[in-house]
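One-letter residues, chain by chain:
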Amino acid sequence: AASDALKPFMQLSSPWRLGLLFLIAGAACQSLFARRGALGTLKDRSLRLLLPLLFGMAIIVTPQAYFEVLTKVPAQLPGDGGYLDFWNAYLHSGKYCRGDDCMIVPTWNHLWFLPYLWLYAVLGAGIAAAARWKPRALNLPAWAWLLVPAVPLALMRVFIKPWFPIEHDFVQIGR
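Notes on the structure follow. (Residues numbered from 1 in each chain as written. Predicted model: local features only at pLDDT ≥ 70, side-chain atom pairs only at ≥ 80, totals over all residues. Heavy atoms only, no water.)

With that settled, consider the overall build of the protein chain. In terms of regular secondary structure, the protein chain is built from four helices and two strands. When the helices and strands of the protein chain are read in sequence order from the N terminus, they spell out α-α-β-β-α-α. The globule rule puts the C-alpha radius of gyration for 175 residues at 16 Å, and the 20 Å found for the protein chain is more than 25% above it. Overall size of the protein chain, expressed as C-alpha extent along the three principal axes, is 65 × 40 × 35 Å. By the burial criterion, 22% of the 175 residues in the protein chain qualify as buried. Nonlocal contacts in the protein chain, meaning residues at least 24 apart in sequence, comprise 57% of its contacts between residues at least 6 apart. As presented, the protein chain carries roughly 12,700 Å² of accessible surface, and 69% of it is formed by carbon and sulfur atoms. (Helix = DSSP H or I, 4+ residues; strand = E, 2+ residues; numbered from the N terminus. Rg over C-alpha atoms; globule rule 2.2 N^0.38 Å. Buried < 20%, exposed > 50% of the residue type's maximum accessible area, 1.4 Å probe, protein only. Contact = heavy atoms within 4.5 Å. Areas by Shrake-Rupley, 256 points an atom, 1.4 Å probe, with all protein chains shown as cover.)

If you want it as structure tokens, here you go:
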């Protein structure tokens, strides 16, 4: 199958694919902050990340959630079990469980990175605005700035990750 043929290439890019996404997003935010300041950055990132997230959760992710409920716990589907009844219930929030495996709706599923990008942009703009931090003031060579985010990430991987497993839960950390 085509997916089996692509699997080695996906595994090759797996260690750096998301890191590259966040690096590019961070570079774009830094450039945006330099041009528009903290409030301009917050407005731009909110429009470009939160609006697509809300649209995606309401329109794009809903069929995925519907088919997941349909295949795992069809008895929990509202109304006659049709998509429109589910969509109405989905938009009004709910919980669909099979044992301990629960899906809380609405959900962002594969759009999980958008709220993280938004939060990092807000934190970065806030920190930069509060400190009036300008990278040129530290006189580091350009390549050294690549190490600035890498060092804390490496330290977290060594000292924190072994005790706190990945949960992919933006809202309820450490439940």
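Past the structure itself, the notes keep going.
We now examine the packing of aromatic side chains. The geometry of two aromatic rings is summed up by the distance between their centres and the angle between their planes. On inspection of all chains with the given rule, the structure shows nine aromatic pairs. With centroids separated by 5.4 Å and ring planes inclined at 90°, the aromatic side chains of Y66 and Y83 adopt a geometry described as edge-to-face. Here Y66, found in helix α1 (residues 2-72), pairs with Y83, found in helix α2 (residues 83-91); they are 17 residues apart in sequence, far enough to count as distant. Under the relative-accessibility criterion, Y83 is labelled partly exposed at 29%. Ring geometry for W112 against Y116: centres 5.7 Å apart, planes inclined by 75°, an arrangement best described as edge-to-face. Classification of W112 by relative accessible area gives partly exposed; the value is 27%. (Phe/Tyr/Trp six-rings, centres within 6.5 Å; stacked < 30°, edge-to-face > 60°.)

The peptide bond linking V105 to P106 adopts the cis configuration, its omega dihedral lying at 0°. Within the secondary structure, P106 is located in the loop between β2 (101-105) and α3 (113-131). A positive phi angle, near 70°, is found at S93, a position not held by glycine. Within the secondary structure, S93 is located in the loop between α2 and β1 (94-98). The phi angle at N109 is positive, at roughly 35°, despite the residue not being glycine.

Our next topic: the pattern of salt bridges. Think of it this way: side chains of opposite charge can pair up when their charged atoms draw near. According to the stated counting rule, one finds five salt bridges in the structure shown. For R36, the salt bridge is made with D44, and the minimal N-O distance between the two is 3.7 Å. Its relative accessible area of 10% is what places D44 among the buried residues. Its salt-bridge partner being D44, residue R48 comes within 3.0 Å of it at the nearest N-O pair. Here R48 and its partner D44 are both found in helix α1, four residues apart, which amounts to about one turn of the helix. Residues joined by salt bridges that share partners form a network here, namely R36, D44, R45 and R48. (Salt bridge = Lys/Arg side-chain N within 4 Å of Asp/Glu carboxyl O.)

Further remarks concern the nonpolar core. Counting 19 residues, the largest nonpolar core has L53, V69, F86, Y90, Y96 and L111 as the members making the most contacts within it. Within the residue set of this core, elements represented by two or more residues are α1, α2, β2 and α3. Sort the elements by how many residues they give to this core and α1 lands first, with eight residues. Setting aside anything within four residues of it in sequence, one finds Y96 in contact with V69, V73, Q76, P78, F86, A89, D101, C102, M103 and V105. (Core = buried A, V, L, I, M, F, W, Y, C linked by side-chain atoms within 4.5 Å.)

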